[in-house]
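Residues per chain, in single letters:
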Amino acid sequence: MDRARTVFRSDDPEVNVYRLMTALVVPRPIAWVSSLSAAGVGNLAPHSFFTVSCARPPIVQFTSVGDKDTLANVLATGEFVVNVASRPMMDLVNDSSASFDPGVDEAVALGIETEPSELVRPRRVVASPASIECTLHSTLELGDSTIVLGDVVATTVRREVLVGGHPAMEHLQPVSRLGRDEWGLPPEVVSVRRPS
């Protein structure tokens, strides 16, 4: 037995596995998801369980922990937009995580400017450096959570973010979620070539 480690058993009721996992699986990119209800009410909420699922065809995924408005909207309309959560908007991203009534559009309530997306009905955040427009591919229920997979139908990137036609990290300035109330600021970037 290794005395240099503390063991946290997932079946121990005293262990908060969620807090432990969110402190260790870091940094987690944030999907700042905009969606529309069946009645046409906008919703904007951050989801920090977010990643790419497939390259060809392009599919991204986020996880709804619990039955949130975003999940209900995506199931009802089959569309959503992932807005990149950038450093200049970090406080607004955080503010949009509050519990708003389903009839309240977070973007309107918080004064976040949105504009029409290219191919889907949910609006994108104007100041977000990039947005990923998606149609619902499928969902997978796991315990108290639902994985939402989206077919990427369009990606828009603000021109000032592109360097040589490619999104540049110094302009994207993505923030991430860490453990507890901790956030990760844009990371230091190094280039390491892959072995051939």
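Residues numbered from 1 in each chain as written. Predicted model: local features only at pLDDT ≥ 70, side-chain atom pairs only at ≥ 80, totals over all residues. Heavy atoms only, no water.

K.L.:
Even after reading the chapter, I still don't get the pairing of strand β5 (residues 59–65), so can you show me in this structure?
P.N.:
For β5, the buried fraction is high: five of the seven residues fall into the buried class. Here strand β4 (residues 50–54) pairs with β5 via four bridges, running antiparallel. Considered in β5, the bridge of Thr51 is made with Gln61. The turn joining β4 and β5, which pair antiparallel and follow one another in sequence, is formed by four residues. The pairing of β5 with strand β10 (residues 145–157) spans seven bridges and is classified as antiparallel. If you follow Phe62 over to β10, its bridge partner there is Val148. (Buried < 20%, exposed > 50% of the residue type's maximum accessible area, 1.4 Å probe, protein only. Helix = DSSP H or I, 4+ residues; strand = E, 2+ residues; numbered from the N terminus. Pairing = 2+ DSSP bridges.)

K.L.:
Quick question: what am I supposed to make of a nonpolar patch on the surface here?
P.N.:
A grouping of Met21, Leu24 and Val25 is seen on the molecular surface, where their side chains present a nonpolar patch of about 290 Å² in accessible area. Its location among the elements puts Leu24 in helix α1 (residues 17–24). (Patch = residues over 30% accessible without salt bridge, like charges linked within 9 Å, V, L, I, M, F, W, Y side chains within 5 Å. Areas by Shrake-Rupley, 256 points an atom, 1.4 Å probe, with all protein chains shown as cover. Salt bridge = Lys/Arg side-chain N within 4 Å of Asp/Glu carboxyl O.)

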